[in-house]
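The lines below spell out each chain.
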Amino acid sequence: MLPATIFVLLLFVYPFLYGLSLSFQPMKGGGVLANYSKFFGDAYQRDTIATTLKIALPAALLNVLAAVPIAFRLRGRFRGKRLMTTILVVPITLGTVLTAQGLLNYLGPTGWFNRVLLSLHIVDNPVRLTNNYWGVFFSLVITGFPFAFLLVLSYLSGIDPTLERAAATLGASRAQRFRRITLPLLAPGLATTFLLTFVLAFSVFPSAVLVGNPAGSTRVISLAAYQAAYEQYDYSYASAIAMVMGAVELIVVAIVLIWRSRLYTGSTGGKG
């Protein structure tokens, strides 16, 4: 346990405690809570919380909802399963920058998508799908879906298939088996998957700059912290923003975990 403990202390606990301490040491004085008062007193800064939530929550929810039916179909054995799974997880290898470049090439004003729409006379002007909210949203869905898919697939593989077969012998339809057996057993795992994908989406930074509007509709809280640290060189204020960012994430995590605790938590009786 010693190497793991040292690793956690050096890379997680110490940086957190240092950042927390630094946030209470405002560069221009004014009291230990001056940085937090400055952040919440400035609507331009405070609104970054809502902006980030508006992007991260729908993206995480869509990733989970899209992963369930696909993972449910792929949990069985059939020809081409490995190829299909590989295709679905390929976006993990692309990275945020390459994904953003692909979105600009395909969905940008001069991208293939708009050129097809214009050539077919479906639209008179290019549809704006990049350098705004939708560009960041699509980027988060593309990069976050593989994680959600793999997690949901692992949870599904842990549900004993004999439970569904037993329900089928009692006359339950496929929809009834999913609603009354699979979904209740899967729900706690879905909550965990949502939290992990939400945390990834909430820390969005490159996408907000590359395919978003960093000065307007996609000015997320991580960008506010970056600007405070590397444009204003106020590391104390940047640490305070980072602490606010972590607090918001913890609030969402706590809400979901409270809801998760009310779901079925018994053994699924299967593998995994």
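Numbering of residues begins from 1 in every chain and follows the order in which that chain's sequence is written. Local features in this predicted model are restricted to residues whose pLDDT is 70 or higher, and side-chain atom pairs enter the listing and the counts only when it is 80 or higher, whereas totals over whole chains, interfaces and linings include all residues. Water and hydrogen atoms were dropped before computing side-chain values, which therefore reflect all heavy atoms in the structure.

Undergrad: Can you break down the packing of aromatic side chains residue by residue, with the values?
TA: To pair, rings of Phe, Tyr and Trp, with the six-membered ring standing in for Trp, must have centres within 6.5 Å; the planes then decide the type, stacked if under 30 degrees apart, edge-to-face if over 60, and tilted in the middle. The tally for this structure, following the rule as stated, stands at 17 aromatic pairs. Two conditions define a charge sitting above a ring: the NZ of Lys or the CZ of Arg must be within 6 Å of the ring centre, and it must be within 35 degrees of the ring normal. Looking at Lys38, its charged tip hangs above the ring of Tyr237, at a distance of 4.2 Å from the centre.

Undergrad: Residues and numbers for the packing of helix H3 (residues 43-74) against helix H9 (residues 174-202), please.
TA: Where H3 contacts H9, the two axes come as close as 9 Å, and the packing angle between them is 140°. Accordingly, the angle class assigned to the pair H3 and H9 is oblique. In this structure, H3 meets H9 at a crossing whose hand is right-handed. Contact residues: Thr52, Leu53, Ala56, Leu57, Ala60, Leu61, Val64, Val68 and Phe72 in H3; Phe178, Thr182, Leu186, Leu190, Thr193, Phe194, Thr197, Phe198, Ala201 and Phe202 in H9. Ten residues, namely Ala, Val, Leu, Ile, Met, Phe, Trp, Tyr, Cys and Pro, are considered nonpolar, four, namely Asp, Glu, Lys and Arg, are considered charged, and the remaining ones, Gly among them, are considered polar. Here the residues of the contact of H3 with H9 are counted per class, giving 15 nonpolar, 4 polar and no charged. Between the N-to-C directions of two axes lies an angle of 0 to 180 degrees, each axis being a line fitted to C-alpha atoms and, for a helix, fitted only over the stretch in contact. Every helix listed is a DSSP run of H or I at least four residues long, and every strand listed is a run of E at least two residues long, numbered separately from the N terminus. Just so you know how the angles are binned, under 35 degrees is roughly parallel, over 145 roughly antiparallel, 65 to 115 roughly perpendicular, and the rest oblique. Handedness of a helix crossing follows the sense of rotation of the near helix relative to the far helix, less than a right angle counterclockwise being left-handed and clockwise being right-handed. The contact criterion used throughout is that any non-hydrogen atoms of two residues lie within 4.5 Å.

Undergrad: Now, about the UniProt feature "transmembrane region" (unreviewed entry) in the protein chain: what can you tell me, with residues and values included?
TA: UniProt positions are given in the numbering used here, feature names are shortened, and annotations may be inferred rather than shown by experiment. According to UniProt, the feature "transmembrane region" (unreviewed entry) maps to residues 55-74, 86-107, 133-156, 183-205 and 237-259 in the numbering used here. As a span, residues 133-156 carries 100% helix and 0% strand, and end to end its C-alpha atoms are 33 Å apart.

Undergrad: Give me the lowdown on the side chain of Ser207, citing residues and values where you can.
TA: By the secondary structure assignment, Ser207 is in helix H10 (residues 206-210). Exposure is judged per residue with a 1.4 Å probe applied to protein chains only, and the accessible area is read against the type maximum: over 50% gives exposed, under 20% gives buried, and values in between give partly exposed. Residue class for Ser207 comes out buried when judged on its relative accessible area of 2%.

Undergrad: Report on the packing of helix H2 (residues 34-41) against H3, specifying residues and quantitative values.
TA: In the contact formed by H2 and H3, the axes pass within 5 Å of each other and the chain directions differ by 80°. By the angle between their directions, the pair H2 and H3 is classed as roughly perpendicular. Contact residues: H2 offers Phe39, Phe40 and Gly41, while H3 offers Ala43, Gln45, Arg46, Thr48 and Ile49. For the contact of H2 with H3, the per-class residue count stands at 4 nonpolar, 3 polar and 1 charged.

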